[in-house]
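# Coordinate analysis (summary)
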Amino acid sequence: MIAAALGAMLLGVLCGQFWFPQTVSEWLSPGGSIALSVLVFSVGVEIGSDRELPHRVRSAGLSVLLLPVANLVGSLLGGIAVGLLCGLPFRLAGGVSSGFAWYSLSAVLLTESVSEQAGTLAFFVNLFREILAVALIPLCAKTLGPYAAIAPAGATSMDTTLSLLRRYTDESAAIAAIVNGVVCSTAVPVLVSLFCP
Amino acid sequence: MWVLLDLVLGVLIGRFLLPARWKKANAVLQTAATIAALFLMGVSLGTQGNLLANLQQTGWMALWIAVGTVAGSLLLTVLLDRRLLRPHRMRKGKGGEDG
């Protein structure tokens, strides 16, 4: 998926820069909003149609819900602190940190609500986070424990990094990873639109 | 705010209306929408002149912010695990119930 996402964005950049006349680019711009609506709606359908989810949460114990809370709050505190040090406004720092490694959705949301530059920043922040997660999961699982390994993954702990988490942690941590992924994924559109309305 | 309404509408339809056999179609739709949205985002980025300069500046900042989010989430998760989850698991284990 990383390759397809990067390829689509790169192709779009090349088309915009070299091949498409200005009129075509302007004509295409409402398409971005439509694609985003479809994407967010489809994410909702995916979350809503997971009928096993309430059962999984109950079987893992309610304390497992504290894990995504720690993940969300920690990510925001760390991301906002570094963003402010880099000279970003508070709201934008919060907005780009609210992607929780879901680079495609956060980038499109910030492009729509702030600007293309904000969207690009969100894309790279969250792409780098996913890459960091893939690199850090084995190390964190070994040195800090199975639950800590879920932290860098953010929203990807229910899909792209789940197989890696399963391999390096145990069954209860894998269930916690799914719950963490669902909560973080739901939080992406909510928090981005709160920080950058 | 429409993003939230869109999301909630999707959750309700996924929960109450969507037949299970359409889940795969939804996954395909999601991938197609992601690719389309990123392509169109690329097009609007590409129409700006100073793209490369922007990217050079943005890249490093993005990496540092990503490190910040990972460090923050790790710190709080480890604290939670050591202070709360681990003692809870140990108590459960001693009780000899479902471990």
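Residues numbered from 1 in each chain as written. Chains lettered and ligands numbered in written order. Predicted model: local features only at pLDDT ≥ 70, side-chain atom pairs only at ≥ 80, totals over all residues. Heavy atoms only, no water.

### Concerning the overall build of chain B
Selection rule: Numbering of helices and strands runs from the N terminus; a helix is a DSSP stretch of H or I covering at least four residues, while a strand is a stretch of E covering at least two. Note on exposure labels: buried denotes an accessible area under 20% of the residue type's maximum, exposed denotes more than 50%, and partly exposed covers the range between, all computed with a 1.4 Å probe on protein chains only.
Of the regular secondary structure elements, chain B holds three helices and zero strands. Of the regular secondary structure in chain B, the N- to C-terminal order runs α-α-α. The buried share among the 99 residues of chain B stands at 40%.

### A look at the interface of chain B and chain A
Put simply, the rule is: Every residue pair with non-hydrogen atoms within 4.5 Å of one another is taken to be in contact. Once two parts are joined, some of their accessible surface, as seen by a 1.4 Å probe, is lost; buried area is that loss totalled over both. Whenever a carboxyl oxygen of Asp or Glu lies within 4 Å of a side-chain nitrogen of Lys or Arg, that contact is scored as a salt bridge. Within 3.5 Å is the distance limit for a polar contact, defined as a pair of N or O atoms, with the added protein rule that one can donate a hydrogen and the other accept it, and that residues adjacent in sequence qualify only through two side-chain atoms. Under the grouping applied here, Gly and all other residues not named as nonpolar or charged are polar, the nonpolar ones being Ala, Val, Leu, Ile, Met, Phe, Trp, Tyr, Cys and Pro and the charged ones Asp, Glu, Lys and Arg.
Each partner contributes residues to the interface: chain B has 63 residues there, and chain A has 79 residues. Taken over both partners, the interface formed by chain B and chain A buries close to 6200 Å², and the fraction arising from carbon and sulfur atoms is 76%. Connecting chain B to chain A are zero salt bridges. In this structure, the connection of chain B to chain A is made through eight residue pairs in polar contact (both at pLDDT 80 or more). Mapped onto the side of chain B that touches chain A, the elements with two or more residues apiece are helix 1 (2-16), helix 2 (23-46) and helix 3 (51-95) of chain B. In terms of residue class, the side of chain B that touches chain A is made up of 35 nonpolar, 21 polar and seven charged.

### Some remarks on unusual backbone geometry
Working note: non-glycine residues mostly have negative phi, and peptide bonds are mostly trans. Residues and elements named next belong to chain A. At F100, a residue that is not glycine, the phi angle is positive and equals roughly 45 degrees. Here F100 lies in the loop between helix 5 (90-97) and helix 6 (103-113). Residue classification places F100 among the buried positions, given a relative accessible area of 0%. One non-glycine residue, A101, lies in positive phi territory at about 75 degrees. With respect to the secondary-structure elements, A101 resides in the loop between helix 5 and helix 6. Judged by its relative accessible area of 1%, A101 falls in the buried class.

### Examining a nonpolar patch on the surface
This is how the line gets drawn: The residues that make up patches have over 30% relative accessible area and no salt bridge, and they are joined within 9 Å when like-charged or within 5 Å when they are Val, Leu, Ile, Met, Phe, Trp or Tyr. In this description, accessible areas are obtained by the Shrake-Rupley approach with a 1.4 Å probe, and a residue is regarded as covered only by the protein chains that are shown.
Taken together, the side chains of L10, L11, L14, F18 and W19 of chain A present a nonpolar region at the surface, about 560 Å² in accessible area. Here L11 of chain A shows up in helix 1 (residues 2-19).

### Remarks on the packing of aromatic side chains
Residues and elements named next belong to chain A. Here is the rule: Note on aromatic contacts: the rings of Phe and Tyr and the six-membered ring of Trp form a pair at centre separations within 6.5 Å, being stacked when their planes are under 30 degrees apart, edge-to-face when over 60 apart, and tilted otherwise.
Inspection of every chain in the model, using the stated rule, returns five aromatic pairs over all chains. Measuring from centroid to centroid gives 6.1 Å for F124 and F128, while their planes differ by 35 degrees, and the two rings are tilted. Placement of the pair is F124 and F128 together in helix 7 (residues 116-143), with a separation of four residues, close to one helical turn. Clustering of aromatic rings is evident, with ring pairs tying together Y103, F123, F124 and F128.

### Here we look at the nonpolar core
This is how the line gets drawn: Residues grouped as a nonpolar core are buried Ala, Val, Leu, Ile, Met, Phe, Trp, Tyr and Cys residues, joined through side-chain atoms within 4.5 Å.
Among the nonpolar cores identified, the biggest contains 59 residues, and L88, V96, F100, L105, L110 and F123 of chain A are the most heavily contacted of them. With eight residues, the top contributor of residues to this core is helix 2 of chain B. The next biggest cluster of nonpolar side chains, apart from the first, holds 25 residues, and it includes L67, A70, I137 and A176 of chain A.

### Quick word on the packing of helix 7 of chain A against helix 2 of chain B
Where we set the bar: Fitted lines through C-alpha atoms serve as axes, helices being fitted only where they are in contact, and the angles separating the N-to-C directions of these axes extend from 0 to 180 degrees. An angle below 35 degrees is treated as roughly parallel, one above 145 as roughly antiparallel, one from 65 to 115 as roughly perpendicular, and anything else as oblique. Handedness of a helix crossing follows the sense of rotation of the near helix relative to the far helix, less than a right angle counterclockwise being left-handed and clockwise being right-handed.
In the contact formed by helix 7 of chain A and helix 2 of chain B, the axes pass within 10 Å of each other and the chain directions differ by 130 degrees. Here helix 7 of chain A lies oblique to helix 2 of chain B, going by the angle between them. Between helix 7 of chain A and helix 2 of chain B the crossing geometry is left-handed. For the pair helix 7 of chain A and helix 2 of chain B, the contacting residues are E116, G119, T120 and F123 of chain A in the first and L38, M41, S44 and L45 of chain B in the second. Counted by class, the contact of helix 7 of chain A with helix 2 of chain B contains four nonpolar, three polar and one charged residues.

### Concerning the environment of G99 of chain A
Residue and element names in this part refer to chain A. Within the secondary structure, G99 is located in the loop between helix 5 and helix 6. For the pair G99 and R129, spaced 30 residues apart in the sequence, the C-alpha separation amounts to 9.3 Å. Not counting chain neighbours up to four residues away, the residues in contact with G99 comprise S106, N126 and V188.

### Remarks on helix 10 (residues 171-195) of chain A
Filter applied, for reference: Helices are assigned an expected span. That span is 1.5 Å times one less than the residue count.
Taking 1.5 Å per residue as the helical rise, helix 10 of chain A with its 25 residues ought to reach 36 Å, and the 35 Å between its terminal C-alpha atoms agrees with that figure. Backbone nitrogen of A173 of chain A and a side-chain oxygen of the N-cap are separated by 2.9 Å at the start of helix 10 of chain A; the cap is D170 of chain A.

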